[in-house]
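Per-entry structural report
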Amino acid sequence: RLLPVVTTPSCLLFSFQQRIEIHKLRQGDNLILGFSIGGGIDQDPTQNPFSEDKTDKGIYVTRVTEGGPAEVAGLQIGDKIMQVNGWDMTMVTHDQARKRLTKRNEEVVRLLVTRQSLQKAVQQSMMS
Amino acid sequence: MSAAMDTESTYSGYSHYSGHSKKAHRQGRDRHKSPRSKDGSRSEKSVTIQTPPAEPLLGNDASRVEEGQDDNWGETTTAITGTSEHSISQEDIARISKDLEDSVGLDCKRYLGLTVAAVLGLLVFLTPIAFILLPQILWRDDLEPCGTVCEGLFISVAFKLIILLIGTWALFFRQPKADIPRVFVFRALLLVLIFLFVFSYWLFYGVRILDSKDTNYQGIVQYAVSLVDALLFIHYLAIVLLELRQLQPMFTVKVVRSTDGESRYYSLGHLSIQRAALVVLENYYRDFTVYNPALLTASKSRAAKHMAGLKVYNVDGPGNNASGQSRAMIAAAARRRDSSHNELYYEEADHERRVKKRRARLVVAVEEAFTHIKRLQAEEQQKAPGEMMDPREAAQAIFPSMARALQKYLRTTRQQQYHSMESILQHLSFCITNNMTPKAFLERYLNPGPTLQYDRDRWFSKQWTLVSEEAVTSGLQDGVVFVLKCLDFSLVVNVKKIPFIKLSEEFIDPKSHKFVLRLQSETSV
């Protein structure tokens, strides 16, 4: 789960992504994941402190609660969520993203995230 | 006022050096000044000769003769002599007596041109009247009776002639304000047109009417009316060509003074180069600060020092390779590690400080002086407490308290030769009369003003020469450069076309102004 997966589509672009599986925690009547998201196509991308490209309207992780399921699973602050359970998250509104993450009948969410530090680590290991 | 050099506390080591150079400058200036005019006193004048030299008379004789028949006799053309035709004051009598023998040829031509043009104008004006009157005089009995139609035509001729007279007076009867080198193309054109026109009318009249003694008087009168109408249209053409066409700005002209780089921009329309030069000169007297040769000596001495101290020795043998020597000198001067920039910086900073200090002293002295004077109201004038003074006496009374500060300030800014004691007293009494504050009085002395503000002797710029690669009667074009030279400096004029502006419109519906909030929500899941 911690090994980076290098996917090579047909145009030979290397994107460094990680699959993270979070088991939701039940708190009373709610299932919580333990992180906060920001971004979306209806939001202002220039206010996003985590994105490299300030026109990126994707969903980013803005906070990870300590000891929560997300932190346990390895989600880090600043990650960009690309997919949730197979659903694309790069072109969704903020509310749609929230809904996809908080479906009441799902206990496990599998995220595909990408991270800048990950990219640098793989590049370094490739060069050495 | 004494001409002694002022002493001043030194702020830095460089002020001693700069004081030294100032003394040298002043001596140089005094030596340079004496052939021109004396400082201050108006009792005796040495003359600045306005001799128009033969060269700048750029017009040729043929054009002058043709120009003599100009209908617009107010503005004939010979050589440039600057602003000349204004009222003559007492001091100019001496100068004029010396100029008279030199410029007699010029004035003769000008007055000849004026009289010929006046005669021609009168002739043209009287032609319709002659057309109407000659049949009456010569073969009155044979003429058909004309009645009301003719009388109506007489009235219309009379009024049209009056209108033509008033229009010609308004447009052309003006004081000549300048002499320009070459003939004024449009005026010559109009003149030729008028002449041909009137000539052809007279020809037709002579052949068809006088010779054959036509009896149809109404036709003759209508012929005269058509002449007057055509003259009015020519007058309209004259207005358009001479006045209206150049009003719309087409060119922007940059004028730079060669000695100190002061520059201005002006907008001009379609003008010939000589007329553009006239406009530039008229604006020069108003816009440019007065030319002060005393301000230029500093940079010259710096430049001289830069190359001084380098000597070239030819080691390899005889042979005077001049260009090689000068190149070697330039290279050595460039490589030499000199600190003249340092000197310049400190000298300028020092000078500024000195000027500011003296200015502060001057302002305080003048303010204090002005408090000694009070204007008497009308009622108070009857019960005069002390002696009453008129403005001149009041000025003389308070002048001594500010004289020294003013003199020191003028020396520091090198303006002292532009203001004599008499002129300062006059200005002071003028300010007192008009209830001006000390600051208004000082406005004239704190900053150098335009050339018009000063006495004519100090202008250094009365006779101008137009130097141009193109013909001076050709119109302005983009990129034309011409130079207006006078004895001490020159004005370089660069013409640029105003760019063609493509203006398009965009309609904005007032209801289309809508805004959204910049969202940055954060949701915890």
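Residues numbered from 1 in each chain as written. Chains lettered and ligands numbered in written order. Predicted model: local features only at pLDDT ≥ 70, side-chain atom pairs only at ≥ 80, totals over all residues. Heavy atoms only, no water.

The secondary structure content of chain B amounts to 14 helices and six strands. Looking at chain B as a whole, 36% of its 525 residues qualify as buried. Element-wise, carbon and sulfur atoms account for 59% of the exposed surface of chain B, whose accessible area totals about 31700 Å². (Helix = DSSP H or I, 4+ residues; strand = E, 2+ residues; numbered from the N terminus. Buried < 20%, exposed > 50% of the residue type's maximum accessible area, 1.4 Å probe, protein only. Areas by Shrake-Rupley, 256 points an atom, 1.4 Å probe, with all protein chains shown as cover.)

Attention shifts here to the environment of alanine 405 of chain B. Residues and elements named next belong to chain B. As for its placement among the helices and strands, alanine 405 is situated in helix α12 (residues 391-412). When its relative accessible area of 17% is taken as the criterion, alanine 405 is described as buried. Here the alpha-carbon distance between alanine 405 and valine 366, two residues 39 residues apart in the chain, equals 8.6 Å. Those residues within four positions of alanine 405 in sequence are excluded, and the remaining contacts are Arg361, Leu362 and Ala365. (Contact = heavy atoms within 4.5 Å.)

The subject of this paragraph is the interface of chain A and chain B. On the chain B side, the residues contacting the 19 residues of chain A number eight residues. Summed over the three residues of chain A that lose the most area to chain B, namely Gln43, Asp44 and Gln47 of chain A, the buried surface amounts to 36% of that side. Counting every contact that joins chain A to chain B gives one salt bridge. Remark: the boundary between chain A and chain B carries nine residue pairs in polar contact (both at pLDDT 80 or more). (Buried area = accessible area lost by both parts, 1.4 Å probe. Salt bridge = Lys/Arg side-chain N within 4 Å of Asp/Glu carboxyl O. Polar contact = N/O pair within 3.5 Å; in protein donor to acceptor, adjacent residues only side chain to side chain.)

Once their charged atoms are close, side chains differing in charge can pair, the charge on each being opposite to the other. Inspection of every chain in the model, using the stated rule, returns 16 salt bridges over all chains. The salt bridge partner of aspartate 29 of chain A is arginine 104 of chain A, with a shortest N-O separation of 3.9 Å. In this pair, aspartate 29 of chain A sits in the loop between β3 (25-27) and β4 (30-32) while arginine 104 of chain A sits in the loop between α2 (94-101) and β9 (108-114), placing the two residues 75 residues apart along the sequence. Notably, a salt bridge pairs arginine 98 of chain A with aspartate 95 of chain A, separated by 3.1 Å at the nearest N-O pair. Linking arginine 98 of chain A with aspartate 95 of chain A, this pair stays in helix α2, spanning three residues, or about one helical turn. Among the residues examined, aspartate 95 of chain A registers a relative accessible area of 36% and is labelled partly exposed. The network of salt bridges with common partners includes Arg257, Asp260, Glu262 and Arg264 of chain B.

What follows concerns unusual backbone geometry. Even without a glycine there, the phi angle at asparagine 85 of chain A is positive, about 55°. The residue asparagine 85 of chain A is located in the loop between β7 (80-84) and β8 (87-88) in this model. In this model, asparagine 435 of chain B sits at a positive phi of 55°, which is unusual for a non-glycine residue. Position of asparagine 435 of chain B among the secondary structure elements: in the loop between α13 (421-433) and α14 (438-446). Take asparagine 435 of chain B: its relative accessible area is 53%, and that puts it in the exposed class.

Okay, the pairing of β7 of chain A next. All names here are of chain A. The buried count for β7 comes to four of five residues, which makes it a mostly enclosed element. In terms of strand pairing, strand β6 (residues 59-64) meets β7 through two bridges, oriented antiparallel. Looking at the pairing, tyrosine 60 lines up with lysine 80 of β7. Relative to β9, β7 runs antiparallel, the two being bridged by four bridges. Bridge pairing in β9 places glutamine 83 opposite leucine 112. (Pairing = 2+ DSSP bridges.)

Turning to the pairing of strand β5 (residues 490-497) of chain B, a few remarks are in order. Residue and element names in this part refer to chain B. Sheet topology places strand β1 (residues 251-257) next to β5; seven bridges connect them, and they run antiparallel. Each bridged residue has a counterpart across the sheet, and for valine 256 the counterpart in β5 is valine 492. With five bridges connecting them, strand β4 (residues 481-485) and β5 associate as antiparallel partners. Note on β5: the bridge partner recorded for valine 483 is valine 492.

Residues and elements named next belong to chain B. Contact pair helix α5 (residues 185-211) / helix α6 (residues 217-244): the axes reach a minimum separation of 10 Å and the direction vectors enclose 175°. Here α6 runs roughly antiparallel to α5, going by the angle between their axes. Residues Phe186, Arg187, Leu190, Leu193, Ile194, Phe197, Tyr201, Phe204, Tyr205 and Ile209 of α5 form the contact with α6, whose own contacting residues are Ile220, Tyr223, Ser226, Leu227, Ala230, Leu231, Ile234, Leu237, Ala238, Leu241 and Leu242. For the contact of α5 with α6, a count of residues per class yields 19 nonpolar, one polar and one charged. (Axes fitted to C-alpha atoms, helices over the stretch in contact; angles between N-to-C directions. Parallel < 35°, antiparallel > 145°, perpendicular 65-115°, else oblique. Nonpolar A, V, L, I, M, F, W, Y, C, P; charged D, E, K, R; others polar.)

The next thing to look at is the UniProt feature "transmembrane region" (unreviewed entry) in chain B. All names here are of chain B. Annotation from UniProt places "transmembrane region" (unreviewed entry) at residues 111-133, 153-172, 184-204 and 224-244. Between the end C-alpha atoms of residues 153-172 there is a gap of 28 Å, over a span that is 100% helix and 0% strand. For residues 224-244, the end-to-end C-alpha separation is 29 Å, with 100% helix and 0% strand making up the annotated structure. (UniProt positions renumbered as here; feature names shortened; annotations may be inferred.)

Once that is clear, we can look at the side chain of lysine 80 of chain A. All names here are of chain A. By the secondary structure assignment, lysine 80 is in strand β7. In this structure the side chain of lysine 80 is engaged in a polar contact, spanning 3.0 Å, whose partner is the side chain of aspartate 56. In contact with lysine 80, other than residues within four places in its own chain, are Asp56, Gly58, Ile59, Tyr60, Leu112, Val113 and Thr114.

So, on to the sheet that holds β4 of chain B. Residues and elements named next belong to chain B. Judged by pairing direction, the sheet is antiparallel, and its five strands sit side by side in the order β2-β1-β5-β4-β3 without closing on themselves. Looking at the sheet topology across the chains shown, the edges are occupied by β2 (263-268) and β3 (465-468). Across this sheet, the average inter-strand angle for adjacent strands is 25°, counted without regard to direction.

What follows is about the nonpolar core. What tends to happen in soluble globular proteins is that the nonpolar side chains get buried as a cluster. Residue and element names in this part refer to chain B. Ranked by size, the top nonpolar core spans 38 residues in total, and within it Phe131, Phe197 and Tyr217 carry the most contacts. Among the secondary structure elements, those contributing two or more residues to this core are α3 (92-138), α4 (148-172), α5 and α6. At 14 residues, α6 tops the list of elements feeding residues into this core. With 33 residues, the next largest nonpolar core counts Tyr284, Val290, Cys486 and Val495 among its residues. (Core = buried A, V, L, I, M, F, W, Y, C linked by side-chain atoms within 4.5 Å.)

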